[in-house]
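Single-letter residue listing:
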Amino acid sequence: MRVIAGIAKSLPLKAPDGMDTRPTTDRIKETLFNIINQDLADCVFVDFFSGSGGIGIEALSRGAKKVYFVEQNRKALDCIKANLLFTKLIDNSIILAMDILAAVDRIAEKEVDIIFMDPPYASNLENGLLKQLANASYVTENTLLIVEADCNKSFDFVKEYGFSILREKNYKTNKHVFLMKKQDEEL
């Protein structure tokens, strides 16, 4: 696992020991960031279920001005801190060591540009998080939400929270679902 592009390009990243996290592979990470690269410059990025911090670190390396890392697993938090120090990207980082739902209210931004979440597959934790984010003041019509999920997971439920699916990018065993708030005329 490494940083794919940007100011920390090619630097290796640590992953926590054990099976509690599943870092996004370099190939899938590269595809994701090729899709969102034009939106990264000076953006505010939130990485829920951060794991090793690889996604948020990639965003910082490619020009995000600030990244919130949200994680509660102690081993993963230690790994995020070590990776941020090693890549010298810690100054633009805020680490929230807490439950994801509690963290929603701790993000102190007028607007967040991109929110990424990679919850444990089959946990359905994204359902509750998306429901809460639908009412967060910093999630606007301009905020892009990206969920990494099992390829068989249906996201039809997001409509009831006021989100619409912009795109789904499928891989062999998982996918990225790109969401935005529905515009008033869509409601």
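Bear in mind that the values here come from a model prediction, so they are computed numbers and not experimental data.

What counts, and where the lines are drawn
Starting from 1, residues in each chain are numbered consecutively following that chain's sequence as written. With the structure being a predicted model, the display of local features is reserved for residues of pLDDT at least 70 and the display and counting of side-chain atom pairs for 80 or more, all residues being used for whole-chain, interface and lining totals. Side-chain figures throughout are based on the complete set of non-hydrogen atoms in the structure, without hydrogens or water. By definition here, a salt bridge exists when the distance from a side-chain nitrogen of Lys or Arg to a carboxyl oxygen of Asp or Glu is within 4 Å. A helix here means a DSSP run of H or I that spans at least four residues, while a strand means a run of E at least two residues long, and both kinds are numbered starting from the N terminus. The cut-offs for exposure are 20% and 50% of the maximum accessible area for each residue type, with area from a 1.4 Å probe on protein chains only; residues under the lower value are buried, those over the upper are exposed, and the others partly exposed. The contact criterion used is simple: two residues touch if any of their non-hydrogen atoms lie within 4.5 Å.

K.L.:
Let's hear about the pattern of salt bridges: which residues, and what values?
P.N.:
As enumerated under the stated definition, the model contains 6 salt bridges in all. A salt bridge links Asp26 to Arg2, with the nearest nitrogen and oxygen atoms 3.6 Å apart. Note that Asp26 is positioned in helix H1 (residues 26–36) and Arg2 in the segment before H1, a separation of 24 residues in sequence. Taking the shortest distance from any N to any O, the salt bridge between Glu168 and Lys175 comes out at 3.2 Å. With relative accessibility at 35%, the residue Glu168 sits in the partly exposed group. On the basis of relative accessibility, which here comes to 3%, the residue Lys175 falls in the buried class. Ionic contacts of the salt-bridge type, sharing partners, join the residues Lys29, Glu58 and Arg62 into one network.

K.L.:
Any details on helix H2 (residues 54–61)? Residues and values, ideally.
P.N.:
Along H2, 8 of the 8 residues are buried, which leaves the element largely enclosed by surrounding structure. All of the buried residues along H2 are Gly54, Ile55, Gly56, Ile57, Glu58, Ala59, Leu60 and Ser61. Among the structural elements, H1, strand E1 (44–48), strand E2 (66–71), helix H3 (74–87), strand E3 (93–97) and strand E4 (114–117) are those in contact with the buried residues of H2. Of the residues trailing H2, Gly63 is marked for its positive phi of about 120°.

Read these as spatial facts, not as claims about activity.
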